[in-house]
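The primary structure of each chain is shown beneath.
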Amino acid sequence: MPGIYATAMRAVAEQGKWPHGLLTVSLHRNTMKNNFDRNDHSLNYLLVSTEASQASCHPNAIMFMNLVSQANYANDETPADQVVGDAARDNHVNPAKLAVMQNNKAIWVKYGAHSFVLLTGGHDRIESFEAWAGGNPANLSYYLFHRSVVEEPDSLGVPRVPNSRPTRTRAREALGWLLSDDFMERRAGVNRLSRAGHGGFGGDDEGSAVPSINIHIEDMVNENVFRTRLKSRLVEVGYYRQMAIQSQHPGRLYCCHCRRYVNSRADAGTSRWRECTHCHRNYCRECKHLLPFGFWGTITRTRKCECTQNTQRMY
């Protein structure tokens, strides 16, 4: 059974009729806002339309920490120099082993060439989230963040083991194995905690050096705060995505929630779409029902846009 935060992410997306892929895009909210504020819709279009722009493991881990914890790393960045030896054990792995036994801790593990995030939440079994862009340069592979939320929330390791989210005790043991001189023990550790497999981290051959490590530990926000934060991000990036795609397809109109589109304003009118003349969000016939009612004047009822202004029927 998926954990608390995977379940929450899926529920928020489905309640708002946002495609699951927008969960990945939501991590990039700060970048998309900066592009939008500069009227650079082409960069946002590149981000929402290409997996390579969305999937890098370290930025995804940092951005998810900003969403799920109290970290508030400036500009989705934080120094993360990786270390080895006693410093790795004393300053990173041992604190993580203590944190994984506590409630409501977000643990960002940067190990070798990969990053993933562990959440302790309020249950005994931890949750693990990650993304990556890598593999053979001639055959690059991309694993988008939302896959670890929706498709494989419970399955870890290579090959995947169903229903394998570890207990806190087993996660603590696996964290200790990350610094083992035995590469088979290291492999068992990363397979217990993540989906990239030992090859995604480095140090996966007998006799190879133990990968360097850096672990950040933060207090999580509670589930209600997390849901509110996530919904706010989905509202924003759905809008930025709409404007970015429309900039590349003149004449088409896209719904800011479900991404359904029509080829002309006349088609939108026939299909009973609504628009906000203030921010230019569009809502299809189904997604407009997500909006609350307000009043135009004293007696005429209308739908309120997510920017708080009134919407109107397209004609």
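Above this note sits the structure.
Attention here is on the structure that accompanies the text. No experiment lies behind these values; they were computed from the predicted model shown.

**A short note on the environment of R29**
No. 1: Mapping R29 onto the fold places it in helix 3 (residues 29–37).
No. 2: Exposure remark for R29: the relative accessible area of 18% places this residue in the buried category.
No. 3: For the pair R29 and M63, spaced 34 residues apart in sequence, the C-alpha separation works out to 9.0 Å.
No. 4: Not counting chain neighbours up to four residues away, the residues in contact with R29 comprise R233, E236, V237 and Y240.

**Details of the nonpolar core**
No. 1: Counting 52 residues, the largest nonpolar core has M9, F64, L119 and F226 as its most contacted members.
No. 2: Counting residues per element, the ones that place at least two in this core are helix 1 (4–15), helix 2 (21–26), helix 4 (41–49), helix 6 (57–68), strand 1 (105–111), strand 2 (114–119), helix 8 (145–151) and helix 11 (223–248).
No. 3: At nine residues, the largest contribution of residues to this core is made by helix 11.
No. 4: With residues up to four places along the chain from it excluded, the contact list for F64 reads M9, L27, V117, L119, F129, F145 and F226.
No. 5: Core analysis: the second largest hydrophobic core is formed by 20 residues, A96, A171, I213 and I215 among them.

**Overview of the sheet that holds strand 1**
No. 1: A sheet is described by the order of its strands in space; here four strands give the open sequence 3-2-1-6, paired in antiparallel fashion. Whereas interior strands pair on both sides, the edge strands pair on one side only; in this sheet they are strand 3 (127–129) and strand 6 (213–219). The mean inter-strand angle of the sheet, taken between neighbouring strand axes irrespective of direction, is 20 degrees.
No. 2: Note: strand 1 against strand 2, six bridges, orientation antiparallel.

**As for helix 6**
In an α-helix, one full turn covers 3.6 residues, which means residues spaced three or four apart are oriented alike.
No. 1: For helix 6, with twelve residues, the first-to-last C-alpha span of 16 Å sits near the 16 Å given by 1.5 Å per residue.
No. 2: Counted residue by residue, helix 6 has ten buried out of twelve residues, so it is predominantly covered.
No. 3: Buried residues of helix 6: C57, N60, A61, I62, M63, F64, M65, N66, L67 and V68, and no others.

**Some details on the packing of helix 7 (residues 85–99) against helix 9 (residues 168–177)**
No. 1: Where helix 7 meets helix 9, the closest approach of the two axes is 9 Å, and the angle between their N-to-C directions is 175 degrees. Between helix 7 and helix 9, the angle is such that the two are roughly antiparallel. Residues V93, A96 and K97 of helix 7 form the contact with helix 9, whose own contacting residues are R172, L175 and G176.
No. 2: Looking at the contact of helix 7 with helix 9 residue by residue, the classes come out as three nonpolar, one polar and two charged.

**Here we look at the pairing of strand 1**
No. 1: Most of strand 1 is tucked away: seven of the seven residues are buried.
No. 2: Of the two faces of strand 1, the one lined by K105, I107, V109 and Y111 and the one lined by A106, W108 and K110 are each fully buried.
No. 3: The pairing of strand 1 with strand 6 spans seven bridges and is antiparallel. Paired with Y111 across the bridge in strand 6 is I213.

**Side note on the environment of N30**
No. 1: Secondary-structure assignment places N30 in helix 3.
No. 2: Given the relative accessible area of 24%, N30 is considered partly exposed.
No. 3: Placed 126 residues apart in sequence, N30 and L156 show a C-alpha to C-alpha distance of 29 Å.

**Some points on the sheet that holds strand 13 (residues 312–313)**
No. 1: Strand order in the open sheet formed by three strands is 10-9-13, with antiparallel pairing between adjacent strands. Pairing within the sheet leaves two strands with one partner each, and these edge strands are strand 10 (282–283) and strand 13.
No. 2: Alignment of strand 9 (residues 274–275) against strand 10, held across two bridges, turns out to be antiparallel. Within the sheet, the bridge partner assigned to E275 lies in strand 10 and is N282.

Calculation criteria
Residues numbered from 1 in each chain as written. Predicted model: local features only at pLDDT ≥ 70, side-chain atom pairs only at ≥ 80, totals over all residues. Heavy atoms only, no water. Helix = DSSP H or I, 4+ residues; strand = E, 2+ residues; numbered from the N terminus. Buried < 20%, exposed > 50% of the residue type's maximum accessible area, 1.4 Å probe, protein only. Contact = heavy atoms within 4.5 Å. Core = buried A, V, L, I, M, F, W, Y, C linked by side-chain atoms within 4.5 Å. Pairing = 2+ DSSP bridges. Axes fitted to C-alpha atoms, helices over the stretch in contact; angles between N-to-C directions. Expected span 1.5 Å × (residues − 1). Parallel < 35°, antiparallel > 145°, perpendicular 65-115°, else oblique. Nonpolar A, V, L, I, M, F, W, Y, C, P; charged D, E, K, R; others polar.

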